[in-house]
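Summary of the model geometry
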Amino acid sequence: MSTTARVTVFDTTLRDGEQAPGYSLDVSSKLAMARALDALGVDIIEAGFPIASPADSEAVRQIATGVRRPVICALARTRSQDIEEAARALQPAQRARIHTFLATSDLHLTAKLRMTRQECLDSAVSAVRLARRFTDDVEFSAEDATRSDRDFLCRVIEAVIDAGCTTINLPDTVGYATPDELREFFQQIIGRVPNSERAIFSTHCHNDLGLAVANSLAAIQGGVRQVECSINGIGERAGNASLEELVMALRVRPDRLPYDTGIRSQALFGTSQLLSTLTSEPVQANKAIVGRNAFAHEAGIHQDGVLKDARTYEIMKPEDVGQSVSSRLVLGRHSGRHAVQSRCETLGFALAHSEIDEVYRAVISLGEHRKAIGDSDLRRIVDRVRTPASAAAAASTATHVETVGYGHGV
Ligand code: KIV
Ligand code: ZN
């Protein structure tokens, strides 16, 4: 019998992610993205913040109409108009969640909201009660939870659960927490709140210190069973926890992290690429899991290892996350002879030993001037090496190989 616990994946690409500069999406792009998230297997799609704009509201309505399997969630402050607008936009949903939020830290209460703690508590409770009139699935987020007074935070949580809240999200809004701290935070709060077993606890980590994924994993170890995250880690400022990194950490390390998600990992790369195309924002090359270098090896020693046994330098297979195996060995100035030979064989060239040496030298030389050498470059090099008239020239100087202009495409 499996002892693996299920963690719910709450995707906020279309809400927190879309709020980030450069990532805004029109309604039809949001719908396309929501369909991709459905195919990826996320449990909950946070589709937008309906009170923020008519376009946001329309996007939530269209997603609620067209995407039927996941829970569709809409964000609302604790104000009645926000909650009513969220409920209106969610009306067509098969399964709807209203997500209402209010800051609980003294800093936010005094400097931003100008509210007392009692007003905060009352407002949170009324919002949850109102939201429950529209749906049984209500989430409350205590914004800036990790910098809130714990006694007060526990009082708010207990009160909103009593008011009918089913998911308690405790965001690390400014990405300030450390992993050990967040694990202890959730353990303590879940242990202290008397009715905590009546709600699912959730984490929502920001990446200001680059710790969002590590913090989310620690929160799971501390007892949360919902993670809020986004494709490519997009979100306010440095972003949210990256969905693909979280999911693959759980998939690759079940020995340390025995938790399952419903994500189809083979769809991760395609979903990441879709977001990049829709927003015209490239994915950072060395981004874990979905960056174009995430499975690329250029150094000769690494290429040799991967050709002998990929496990030497890969902890997961590119195809497990939807990346192409053929992009694995990048030819450039650090490449080894073994990789050059292997790529030639893949392209259908059976070369003699001396020819491989020549091709290898030409590749290294061309790599001095080029970031990467593509298959068309390699074909031209092989042609020259194999054509007697130019073979001598190709072998004579490596620079000549470059100046005669091998290829354009990489
Ligand atoms: O970071 C945050 O606190 C939020 C809440 C609205 C959930 O995005
Ligand atoms: Zn956030």
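Reference entry: report on the structure contained in this document. Note that the structure is a prediction, hence the values are computed from the model and not measured.

**Brief notes about the overall build of the chain**
Assigned secondary structure in the chain consists of 17 helices and ten strands. Referenced to the eigenvectors of the C-alpha coordinate spread, the extents of the chain come out at roughly 85 × 45 × 40 Å. Here the chain holds 410 residues, and the buried ones make up 53% of them. Intrachain contacts of the chain at a sequence separation of at least 6 include 72% that bridge at least 24 residues. Only carbon and sulfur atoms are counted for the fraction: they give 50% of the accessible area of the chain, which is about 17,800 Å². Computing the positive centroid from 46 side-chain charges and the negative centroid from 52, the chain places the two 2 Å apart.

**What to know about helix H7 (residues 150–162)**
Between its first and last C-alpha, H7 extends 18 Å over 13 residues, near the 18 Å set by a 1.5 Å rise per residue. Taken together, the buried positions of H7 are occupied by Phe152, Leu153, Cys154, Val156, Ile157, Val160 and Ile161. Next to the buried residues of H7 lie helix H5 (106–113), helix H6 (117–134), strand E6 (138–143), strand E7 (167–172), helix H8 (179–192) and strand E8 (200–205). Looking at where H7 begins, the residue whose side-chain oxygen comes 3.3 Å from the main-chain nitrogen of aspartate 151 is aspartate 149. One or two residues past the end of H7 sits glycine 164, with phi positive at roughly 115°.

**A few points about the sheet that holds strand E9 (residues 226–229)**
What the eight strands build is a closed barrel, ordered E2-E3-E4-E5-E6-E7-E8-E9; its pairing is parallel. Strand-to-strand twist of the sheet, defined as the mean angle between neighbouring strand axes without regard to direction, takes the value 25°. Where E6 and E7 come together, three bridges link them in parallel fashion. Following the sheet pairing, glutamate 139 is matched in E7 by threonine 167. Packing of H6 onto the sheet brings it into contact with strand E5 (96–103) and E6, and relative to E5 it is tilted by some 170°.

**Here we look at the site of ligand 1**
Close contacts around ligand 1 come from Arg15, Asp16, His99, Phe101, Ser141, Glu143, Asn169, Pro171, Thr173, His204 and His206, and that covers them all. One of the side-chain N or O atoms of aspartate 16 is found 3.0 Å from an oxygen atom in ligand 1. A distance of 3.1 Å separates an oxygen atom of ligand 1 from a polar side-chain atom of histidine 206. Taken by itself ligand 1 offers 260 Å² of open surface, and the protein chains cover 94% of this. The pocket occupied by ligand 1, as judged from atoms lying within 2 Å of grid points, is the second largest pocket.

Cut-offs and rules
Residues numbered from 1 in each chain as written. Chains lettered and ligands numbered in written order. Predicted model: local features only at pLDDT ≥ 70, side-chain atom pairs only at ≥ 80, totals over all residues. Heavy atoms only, no water. Helix = DSSP H or I, 4+ residues; strand = E, 2+ residues; numbered from the N terminus. Buried < 20%, exposed > 50% of the residue type's maximum accessible area, 1.4 Å probe, protein only. Contact = heavy atoms within 4.5 Å. Areas by Shrake-Rupley, 256 points an atom, 1.4 Å probe, with all protein chains shown as cover. Lys, Arg positive; Asp, Glu negative; His and termini not counted. Charge placed at Lys NZ, Arg CZ, Asp CG, Glu CD. Expected span 1.5 Å × (residues − 1). Polar contact = N/O pair within 3.5 Å; in protein donor to acceptor, adjacent residues only side chain to side chain. Pairing = 2+ DSSP bridges. Axes fitted to C-alpha atoms, helices over the stretch in contact; angles between N-to-C directions. Near = heavy atom within 4 Å. 1 Å grid on protein atoms, 1.4 Å probe; cavity = no way out; pocket = protein on both sides within 12 Å on 5 of 7 lines; lining within 4 Å. Sits in = over half its atoms within 2 Å of the grid points.

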